[in-house]
Protein chains: 2
Amino acid sequence: MAEPRISSIDGKLAEEFAVPSHVEEVKEKMAAFASFHAEAGRKVVLITSGGTKVPLESRTVRFLDNFSSGRRGASSAEYFIDSGYAVIFLHRHRSLYPYTRMFLTINMLDALEFQGGGAPGNTGEVVVNQQVLPNIAKVLKRYEEVKKSRLLLPIEFSTLSEYLHLLKAAAQALSKIGSKAMFYLAAAVSDFYIPASEMPEHKIQSSNGPLQVRLSMKMVPKILSPLVKEWAPQAFVISFKLETDASILLDKARRALDTYRHQAVVANVLDSRRGYVVVVTLETQAELILTEEDVKNEVEIEERIVSNLTSAHDNFITQQVA
Amino acid sequence: MAEPRISSIDGKLAEEFAVPSHVEEVKEKMAAFASFHAEAGRKVVLITSGGTKVPLESRTVRFLDNFSSGRRGASSAEYFIDSGYAVIFLHRHRSLYPYTRMFLTINMLDALEFQGGGAPGNTGEVVVNQQVLPNIAKVLKRYEEVKKSRLLLPIEFSTLSEYLHLLKAAAQALSKIGSKAMFYLAAAVSDFYIPASEMPEHKIQSSNGPLQVRLSMKMVPKILSPLVKEWAPQAFVISFKLETDASILLDKARRALDTYRHQAVVANVLDSRRGYVVVVTLETQAELILTEEDVKNEVEIEERIVSNLTSAHDNFITQQVA
């Protein structure tokens, strides 16, 4: 695919994707966060996580979505923080969140009980049953430490438009700290959208058939191009490539590197993504695999991905300085 | 729109919508639940809640979704239980759930603290901060009562196929208790789908453009028709109509009643759905409205909807007996 003209993308963003009202305020927040931690000698990673929502109607009832629980982004955020990074977590509203992943699989009320088991009414103590949530004390402690040291800045998006504009704002905010910034673009971003101008205002009437939905879907501009060349040219940029067909995966990863000239692609296949990824750079190709032993010990693949990328980032910074 | 032939729908269901492996087991569970409570003199309501997921690829990365947090279904379930009903809660995986709605808007870790505020490590007591969750004790108590008396049977779906087959199973299971069964069909069901036979196996390549997505979307069969006429002919059936355009709402509600001959349509407009609905029957039309006073007192519109429908259901049962 031909590389899109950058200026045209900036134009498209302004015209065809509604600008979130709070984007400038968020941008300042991210810039302040980045400088604060960079001055403290920390590297800063921007993680995108979760799927984008693409409205099919301007008063939206129906939308196109991408499969993503946000698990990879949320667990990676924890490992980046453990590796000394400050994290801007640009995530889909209600996708998985660092340190709270455990709550997703259970009904919280099943993990709570009254102190002493009596039925006290409103004044009673409500405690967590640590048989149900064995790690809760450890996780809560870690969460409070991270909160206290302000190492995690959460930013939410829901729609594709919000994602695109907030990512641009983040890139511009992080450009101030140069090569100390990493972009870890793990979100599942839609390739298709309907420009606001062509979007039906009201709920598409099924009696009309799906015609309206079909007519006006366009390709989403490849945001990686301006991010790498314009918005944050000194940053260390990682994109993700998820395919269901392993045979085309590495080829697509290499083509992405050739097209956008960023630093690495984390390539993975839908069915095996929890246990196997390939980190592809222009020169190298590193397979990261979880053994059965690892799985038994509850090692997560994100720990390996993050450790691979943080050392690559260190080398990258040294080269820039040299 | 012409009324679809019933037999054709049963055929379509079998052919074009993958049958969930657990459907028979769930059906027996629902039948046992219904008889148990009917024998105890309780009415039983089946609530559908949340949006349906429509895969665009058979190893799904992308899907079409319907806007729905599941709030209406989850809060209605609580009011039905308060009104003496047993509830089968057929809901979208991870949509809002009865009694746990409060957890959605907060990060649970922000509501937890160590007993006495010390940093105890793994053995410490973790308690809920009741300044953050003021109603937690009351809600937990109610939740445990409901669990103990087995008044709530949760069943999950994610895809449109699961929804359709599980709803059919529910209808057949509830037919055994005749007019004591209510169907409260609040789920946001897609009108469009791609038959398994025509679905691309792998992730649609954006380099091909959105063509494949567009070619093969079909209309979802109108499940209300066989539900009312075949599967549960004696039941009290409520459908929901959500529009963004108020001007066509009542007309569409009346047309639905004419087409399917069920008992009522709860009609609502997207922007005002939390404070205003119209319950439309063949003979009547009841506007339910929350006043500012109601909103201040945290009255929910679902309380009004449920109280309107439960008395209508009682009249319905009496008429059947007479």
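Keep in mind that what you see is a predicted model, and the values were worked out from it rather than measured.

### Considering the packing of aromatic side chains
Residue and element names in this part refer to chain A. All chains considered together, the criterion is met by 16 aromatic pairs over all chains. Aromatic pair Phe89 and Tyr97: ring centres 5.8 Å apart, planes at 85°, arrangement edge-to-face. Grouping residues by exposure puts Phe89 and Tyr97 together as buried. Between Phe157 and Tyr163 the ring centres are 5.3 Å apart and the planes differ by 70°, which places this aromatic pair in the edge-to-face class. Taking relative accessible area as the criterion, Tyr163 reaches 3% and is therefore assigned buried. Here the basic side chain of Lys53 rests over the ring of Phe63, its NZ or CZ set 4.4 Å away from the ring centre.

### Points about unusual backbone geometry
Residues and elements named next belong to chain B. Phi is positive for Arg94, close to 70°, though the residue is something other than glycine. According to the relative accessible area criterion, Arg94 is partly exposed, its value standing at 46%. A positive phi angle, close to 75°, is found at Tyr99, a residue other than glycine. Considering the arrangement of structural elements, one finds Tyr99 in the loop between β4 (86–92) and β5 (112–114). Judged by relative accessible area, Tyr99 falls into the buried class, the value being 7%.

### Focus: the sheet that holds strand β3 (residues 62–66) of chain B
Within a sheet, neighbouring strands are paired by backbone hydrogen bonds and run either parallel or antiparallel to one another. Spatially, 4 strands are ordered β2(A)-β3(A)-β3(B)-β2(B) in an open sheet, and the strand pairing comes out antiparallel. Each edge of the sheet is formed by a strand with only one pairing partner; in this case those strands are β2 (53–55) of chain A together with β2 (53–55) of chain B. Between one strand axis and the next, the sheet turns through 30° on average, direction left out of account. Pairing analysis gives 5 bridges linking strand β3 (residues 62–66) of chain A to β3(B), with the strands arranged antiparallel. Within the sheet, the bridge partner assigned to Leu64(A) lies in β3(B) and is Leu64(B).

Cut-offs applied
- Residues numbered from 1 in each chain as written.
- Chains lettered and ligands numbered in written order.
- Predicted model: local features only at pLDDT ≥ 70, side-chain atom pairs only at ≥ 80, totals over all residues.
- Heavy atoms only, no water.
- Phe/Tyr/Trp six-rings, centres within 6.5 Å; stacked < 30°, edge-to-face > 60°.
- Buried < 20%, exposed > 50% of the residue type's maximum accessible area, 1.4 Å probe, protein only.
- Lys NZ or Arg CZ within 6 Å of the ring centre and 35° of its normal.
- Helix = DSSP H or I, 4+ residues; strand = E, 2+ residues; numbered from the N terminus.
- Pairing = 2+ DSSP bridges.
- Axes fitted to C-alpha atoms, helices over the stretch in contact; angles between N-to-C directions.

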